[in-house]
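Examining the three-dimensional arrangement
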Amino acid sequence: MGKNASRAARPVSKRAARAKKNRDYHLPPGVARQSLLQSAIRLLNERGMGNVSLNDVAREAKLNPALVTYYFGSKDNLFQAVVEQVVGEWRAEVIAAVPEDAGPEDALRLRARATMHFLRRYPYLTRLIMHQMMTVKSKESRFFIENFARINFEEHTALLRKGAEAGIFRPVDPLFYFAHYVAIGDLYANLRPMMERLGGKAENDDARFEAFVEAMIEMLIYGIAAKPKKSAKLR
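Cut-offs applied
- Throughout this document, residue positions are counted from 1 along each chain, in the order its sequence is written.
- pLDDT decides what is reported in this predicted model: residues at 70 or higher carry local features, side-chain atom pairs at 80 or more are listed and counted, and totals for whole chains, interfaces and linings draw on all residues regardless.
- Here the side-chain values reflect all heavy atoms present in the structure, with hydrogen atoms and water set aside.
- Secondary structure elements are defined from DSSP: runs of H or I of at least 4 residues count as helices, runs of E of at least 2 residues count as strands, and each element is numbered from the N terminus.
- The buried label applies to any residue whose accessible area, calculated with a 1.4 Å probe on protein chains only, is under 20% of its type's maximum; exposed applies above 50%, and partly exposed to all values in between.
- Whether two residues are in contact is decided by their heavy atoms: any pair within 4.5 Å suffices.
- Each accessible area is a Shrake-Rupley estimate made with a 1.4 Å probe; only the visible protein chains count as cover when residues are assessed.
- Among the buried residues, those of types Ala, Val, Leu, Ile, Met, Phe, Trp, Tyr and Cys that are joined through side-chain atoms within 4.5 Å form a nonpolar core.
- Geometry is summarised by axes, namely lines fitted to C-alpha atoms with helices restricted to the contacting stretch, and by angles between N-to-C directions that run from 0 to 180 degrees.
- Angular relationships are summarised with four words: roughly parallel below 35 degrees, roughly antiparallel beyond 145, roughly perpendicular across 65 to 115, and oblique for the angles in between.
- Crossings are classed by handedness, with left-handed meaning an anticlockwise turn of the near helix from the far one by less than a right angle and right-handed meaning a clockwise turn.
- Each residue gets a pLDDT score, which is the predictor's confidence in that residue and runs from 0 to 100.
- Here a pair means two rings of Phe, Tyr or Trp (six-membered ring of Trp) with centres within 6.5 Å. Their orientation is stacked below 30 degrees between planes, edge-to-face above 60, and tilted elsewhere.
- Throughout, the protein atoms alone are placed on a 1 Å grid, and a set of points is a cavity if a 1.4 Å probe fits but cannot get out or a pocket if it is open with protein on both sides within 12 Å along at least five of seven lines; lining residues have an atom within 4 Å of a point.
- Grid points are joined across faces, edges and corners, and a volume is the space filled by probe spheres set on the points.
- For this scheme, ten residues count as nonpolar: Ala, Val, Leu, Ile, Met, Phe, Trp, Tyr, Cys and Pro. Four count as charged, namely Asp, Glu, Lys and Arg, and the remainder, Gly too, count as polar.
- What a helix is expected to span follows from its residue count: subtract one and scale by 1.5 Å.
- Counting of polar contacts relies on pairs of N or O atoms within 3.5 Å, with two restrictions inside protein: one atom must be capable of donating a hydrogen and the other of accepting it, and residues adjacent in sequence are counted only when both atoms are side-chain atoms.
- Throughout, bend refers to the angle between the axes fitted to the seven residues that end at a position and the seven residues that start at it.

Focus: the overall build of the protein chain
For the protein chain, the helix and strand inventory stands at 12 helices and 0 strands. Scanning the protein chain from its N terminus toward the C terminus, one meets helices and strands in the order α-α-α-α-α-α-α-α-α-α-α-α. Looking at the protein chain as a whole, 34% of its 235 residues are labelled buried. In the protein chain, 69% of the contacts between residues at least 6 apart in sequence involve partners at least 24 apart. Roughly 14,400 Å² of accessible area belongs to the protein chain as shown, and the carbon and sulfur atoms make up 56% of that amount.

Below is the structure:
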């Protein structure tokens, strides 16, 4: 009894108690999972997907690392959950940005603008989606991602066809247009360091971003216009 009793009675150190308090909030299951998910999103925004581990996510959320494995099982599954949540937000923002009665040109402009603004907040997203499409073997994961991409592709295809029939656009391959549309989404984040070296650091980065968005959209629409305006100027 002596040795066992002394161990049982030994007080918990302040350091151990503090660690336990920081890592175990006894959160309800849904809240704990969402906390881990939001932590993963923050870290991906800060570091990119190559520099985020499951332990990093747990540390950011101040939860026990075992909970990450419990809720997600693996890093790929965690990233997949991130994709599902963030892509759902992306889809909702694009739909909200386009009025139901918008014509083909306005609809394409508004979709592009909404996407560029969204991906400015989540610059890692397109690379993460490509990574998941190429590496995740779960049929459910691929189904979700590929169907999201296909729905958007088909919507753009319909708008391009409608615009061509109205004489607004010239016939273009919708696959190439859609690839261009996705590519310009996070172009600003990728090119910002180069632009700062060439043109100096912007006094107002928001203003430079807005000018960049308008220039990219103008080039995107000008490239498919049936009769490009001679007076069109890039801002």
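Some details on the nonpolar core
Formed by 56 residues in total, the largest nonpolar core has its most connected members in Val82, Trp90 and Leu125. For this core, the leading source of residues is helix H6 (residues 75–97), giving 9 residues. Those residues in contact with Trp90 that lie beyond four places of it in its chain are Thr115, Phe118, Leu119, Leu125, Ile129, Phe148 and Tyr181.

A few points about the packing of H6 against helix H8 (residues 125–135)
Where H6 meets H8, the axes come as close as 10 Å, and the angle between the chain directions of the two elements is 130°. Considered as vectors, H6 and H8 are oriented oblique to each other. Pair H6 / H8 crosses with left-handed handedness. When H6 is examined against H8, the residues Asp76, Phe79, Gln80, Val82, Val83, Val86, Val87 and Trp90 are found in contact with a partner set consisting of Leu125, Leu128, Ile129, His131, Gln132 and Thr135.

A few points about the confidence of the model for the protein chain
For the protein chain, mean pLDDT is 83; residues scoring 70 or higher make up 84% of the total. The least confident element of the protein chain is helix H2 (residues 14–23), whose mean pLDDT is 42; the most confident is helix H7 (residues 104–121), at 95. Throughout residues 5–9 the model reports pLDDT below 50, and contacts reaching past four residues in sequence, or to other chains, amount to 1 contact. Counting interchain partners and residues more than four positions distant, the pLDDT-below-50 stretch residues 12–25 has 10 contacts.

Digging into the packing of aromatic side chains
Following the criterion strictly, the structure yields 9 aromatic pairs and no others. Their ring planes at 40° and their centres at 4.9 Å tell us that Phe118 and Tyr122 sit as a pair that is tilted. Since its relative accessible area comes to 0%, Phe118 is described here as buried. Of the aromatic side chains, those joined through ring pairs into one cluster are Trp90, Phe118, Tyr122, Tyr124 and Phe148.

With respect to the layout of surface pockets
Size it by volume and the largest pocket reaches roughly 390 Å³. As for the largest pocket, its lining consists of 20 residues, and the residues nearest its centre are Met130, Ala149, Arg150, Phe178 and Val182. Elements with a minimum of two residues in the lining of the largest pocket: H6, H8, helix H9 (139–165) and helix H10 (174–183). Among the elements that take part in the lining of the largest pocket, H9 stands out by supplying 7 residues, more than any other. Classifying every residue of the lining of the largest pocket gives 14 nonpolar, 3 polar and 3 charged.

Considering the packing of H7 against helix H12 (residues 205–222)
The geometry of H7 relative to H12 is characterised by a closest axis approach of 10 Å and an angle of 145° between their N-to-C directions. You can see that H7 and H12 cross each other, and the crossing is right-handed. Between H7, through Glu105, Leu108, Arg109, Ala112, Arg113, Met116, His117 and Arg120, and H12, the contact on the second element is made entirely by Asp205, Asp206, Phe209, Glu210, Phe212, Val213, Glu214, Met216, Ile217, Glu218, Leu220 and Ile221. In the contact of H7 with H12, the residues fall into 10 nonpolar, 1 polar and 9 charged.

Re H12
Taking 1.5 Å per residue, 18 residues should reach 26 Å; H12 reaches 25 Å between its end C-alpha atoms and fits that length. Turning to H12, its buried residues number three or more, namely Asp205, Phe209, Phe212, Val213, Glu214, Ala215, Met216, Ile217, Leu220 and Ile221. Buried residues along H12 sit in contact with H7, H10 and helix H11 (187–199). Two to three positions downstream of the cap, the backbone nitrogen of Asp206 sits 3.0 Å from a side-chain oxygen, assigning the N-cap of H12 to Asn204.

Structural notes on the side chain of Ser39
Structurally, Ser39 is set in helix H3 (residues 29–47). Each residue touching Ser39, except ones within four places of it in the same chain, is listed here: Val57, Glu60 and Ala61.

What to know about H11
Along H11, the sharpest change in direction is near 40° and occurs at Pro193. A positive backbone phi angle near 85° is found at Gly200, which sits one or two residues after H11.

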